[in-house]
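# A look at the structure
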Amino acid sequence: MRRFYIIANPQKDCKLRLTKEIQQFILEHGGSCDYQVNREHGDGSMFDKERVPQDTECILVIGGDGTLLGAARDMADRRIPLIGVNTGHVGYLCELEADTVIGSVSQLLREAQPTVEQRMLLAGFCMTREGATQEQVALNDIVIHRSGTLQVVDLLIFVNGEYLNTYSADGMIVATPTGSTAYSMSAGGPIVDPKANLLLITPISPHTLNAKSIVLGPEDEISIEVAARNEAEVAPVEVSFDGNPVGALRAGEKIVVKKAQVCARILKLSHVSFLERLRKKLHAYT
């Protein structure tokens, strides 16, 4: 590999010291590398993907899991492999650490075809009284959750148009295998190998004793509708993609979620298995 690009979170890389160090190392060893910092644009993206050269072979994402999630969403249609450099806290999705990244970049410069994992993405859009919203993608999860009041919400779940169940809960998580170790896990959902293809539905604080996560196939389409609880107007329910608020749903409105047609491409350098990585992370943060 020779052609690199860096997306940096300036809040996690003070004065872009690490970004500039990596860029200088690549340039000194015969590669090409430019960078930009992530900041929210008018279209909701976190960076200007038009600035990323068409012949880019690898994007180094410097920050934490949130920075990598944003880059994965914004760059999904470009099919450029990403690799995360953790300068945050947990950094579960990030392959590299700040203190070892130079050695790893040196390895990338020597390798023509490093291992690339395909990670499933979710695609979702809202059906509101005004019509359908623009479809967006998420790498970890799409979450529907209450806002403002302490009142629980009733959520009607349909799979491929067939009614499944109604949950009284604080919200609902639809997660990918990659997102199974994020909010879904905190809500009691199962941990899944990130290379798998499936959909996870996990209720948030359900008001029942028998509510469990449901695992569905990648071809299934999930609809979650906000039900009216009584004659009074139900407070809007917020919708978030990978933790980023994108809108709200009122009673009678719904969100439709399915597997996206594109996927995220994540570079792998280490030969550490999913189970070993999971074991170390769970041990370190218990």
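Our subject is the structure that appears above.
Residues numbered from 1 in each chain as written. Predicted model: local features only at pLDDT ≥ 70, side-chain atom pairs only at ≥ 80, totals over all residues. Heavy atoms only, no water.

## Observations concerning the overall build of the protein
Worth spelling out the cut-off: Strands here are runs of E lasting at least two residues and helices are runs of H or I lasting at least four, both read from the DSSP assignment and numbered beginning at the N terminus. Atoms counted for the radius of gyration: C-alpha only. Globule rule: 2.2 Å times the number of residues to the power 0.38. Throughout this description, buried means an accessible area under 20% of the type-specific maximum (1.4 Å probe, protein chains only), exposed means over 50%, and partly exposed covers the range between. Whether two residues are in contact is decided by their heavy atoms, any of which lying within 4.5 Å being enough. Areas reported as accessible are Shrake-Rupley estimates using a 1.4 Å probe. Residue values count occlusion only from the protein chains shown. Positive charges are assigned to Lys and Arg, negative charges to Asp and Glu, while His and the chain termini are left out of the count. Where a charge lies is defined by one atom per residue type: Lys uses NZ, Arg uses CZ, Asp uses CG and Glu uses CD.
When helices and strands are counted, the protein shows five helices and 18 strands. Taking 286 residues into account, the globule formula puts the C-alpha radius of gyration at 19 Å, and the protein, at 20 Å, falls close to it. Principal-axis analysis of the C-alpha atoms places the extent of the protein at approximately 70 × 40 × 35 Å. The 286 residues of the protein split such that 49% are buried. A sequence separation of at least 24 residues applies to 67% of the contacts in the protein between residues at least 6 apart. Accessible surface computed for the protein: about 13800 Å², of which carbon and sulfur atoms make up 49%. Averaging the coordinates of the 29 positive side-chain charges in the protein and doing the same for the 35 negative ones gives two points 5 Å apart.

## With respect to the sheet that holds strand 9 (residues 141-146)
The condition is simple: Pairing between strands requires that DSSP locate at least two bridges from one strand to the other. Orientation is described by lines fitted to C-alpha atoms, with helices fitted over the stretch in contact, and by angles between N-to-C directions that extend from 0 to 180 degrees.
What the six strands build is an open sheet, ordered 14-13-12-9-16-17; its pairing is antiparallel. Both outer strands of the open sheet, strand 14 (214-216) and strand 17 (244-249), are each paired with one neighbouring strand and no more. Strand-to-strand, the axes of this sheet are offset by a mean angle of 20°, without reference to chain direction. Looking at chain direction, strand 9 and strand 12 (residues 171-175) are connected through five bridges and run antiparallel.

## What about the environment of glycine 103?
Residue position: glycine 103 is located in helix 3 (residues 101-110). The exposure class of glycine 103 is partly exposed, given its relative accessible area of 46%. The spacing of glycine 103 and aspartate 141 is 38 residues in sequence and 32 Å in space, taken between C-alpha atoms.

## Topic: the pairing of strand 3 (residues 58-63)
The buried fraction of strand 3 is high, at six of six residues. Covered by surrounding structure in strand 3 are Cys58, Leu60 and Ile62 together with Ile59, Val61 and Gly63, the residues of both alternating faces. Bridging between strand 1 (residues 3-8) and strand 3 involves five bridges; their strand directions are parallel. Looking at strand 3, one finds that isoleucine 6 is bridged to leucine 60.

## A short note on the side chain of aspartate 13
Heads up, the condition is: Any N or O atom pair separated by 3.5 Å or less is treated as a polar contact, with the protein-specific requirement of one donor-capable and one acceptor-capable atom, and with residues adjacent in sequence counted only for side-chain atom pairs.
Of note, aspartate 13 is situated in the loop between strand 1 and helix 1 (17-28). There is a polar contact of 3.0 Å between the side chain of aspartate 13 and the backbone nitrogen of leucine 18.

## Side note on helix 1
Applied cut-off: To estimate how far a helix should extend, the number of its residues minus one is multiplied by 1.5 Å. Note that the arc is defined by the directions from the helix axis to the C-beta atoms.
The terminal C-alpha atoms of helix 1 lie 16 Å apart, and with twelve residues this matches the ideal 16 Å at 1.5 Å per residue to within 8%. Every buried residue of helix 1 is listed here: Leu18, Thr19, Ile22, Gln23, Phe25 and Ile26. With its buried residues spanning 160° around the axis, helix 1 presents them on a single face. In helix 1, the exposed residues that point more than 90 degrees away from the buried face are Arg17 and Glu28. Immediately beyond the C-terminal end of helix 1, within one or two residues, lies glycine 30, with a positive phi of roughly 85°.

## Examining the packing of helix 1 against helix 3
Using the following cut-off: Here a crossing is taken to be left-handed if its near helix is turned anticlockwise relative to the far helix by less than a right angle, and right-handed if that turn runs clockwise. Each residue gets one of three labels, nonpolar for Ala, Val, Leu, Ile, Met, Phe, Trp, Tyr, Cys and Pro, charged for Asp, Glu, Lys and Arg, and polar for the others, Gly among them.
At their nearest, the axes of helix 1 and helix 3 sit 10 Å apart, and the two run at 35° to each other. The handedness of the crossing between helix 1 and helix 3 comes out as right-handed. Residue-level inspection shows Leu18, Glu21, Ile22, Phe25 and Ile26 of helix 1 in contact with helix 3, the latter providing Val101, Ile102, Val105, Ser106 and Leu109. Here the residues of the contact of helix 1 with helix 3 sort into eight nonpolar, one polar and one charged.

## Overview of empty space enclosed by the protein
As a reminder, the rule being used: Within this scheme a cavity is a closed region of a 1 Å grid, computed over the protein atoms alone, that accommodates a 1.4 Å probe without allowing it to escape, whereas a pocket is open but has protein on both sides within 12 Å along at least five of seven lines; lining residues each have an atom within 4 Å of a point. Grid points are joined across faces, edges and corners, and a volume is the space filled by probe spheres set on the points.
Counted according to the given criterion, the structure contains two cavities of 30 Å³ or more. What lines the largest cavity is a set of ten residues, among which Arg146, Thr149, Gln151, Val153 and Ala235 lie closest to the centre. The class makeup of the residues in the lining of the largest cavity is six nonpolar, three polar and one charged. The calculated volume of the second largest cavity comes to roughly 30 Å³. Lining of the second largest cavity is provided by Ala72, Met75, Ala76, Arg79, Ile80, Leu82, Cys263, Ala264 and Arg265.

## Description of the pattern of salt bridges
Short version of the rule: Salt bridges are identified by distance alone: a Lys or Arg side-chain nitrogen within 4 Å of an Asp or Glu carboxyl oxygen.
The final tally for this structure, using the stated rule, is eleven salt bridges. Arginine 3 is paired through a salt bridge with aspartate 55; the nearest N and O atoms lie 3.6 Å apart. Taken together, the residues arginine 3 in strand 1 and aspartate 55 in the loop between strand 2 (32-37) and strand 3 connect sequence positions 52 residues apart. On the basis of relative accessibility, which here comes to 34%, the residue arginine 3 falls in the partly exposed class. What you see here is one network of salt bridges that share partners, running through Arg129, Glu130, Arg250 and Glu253.

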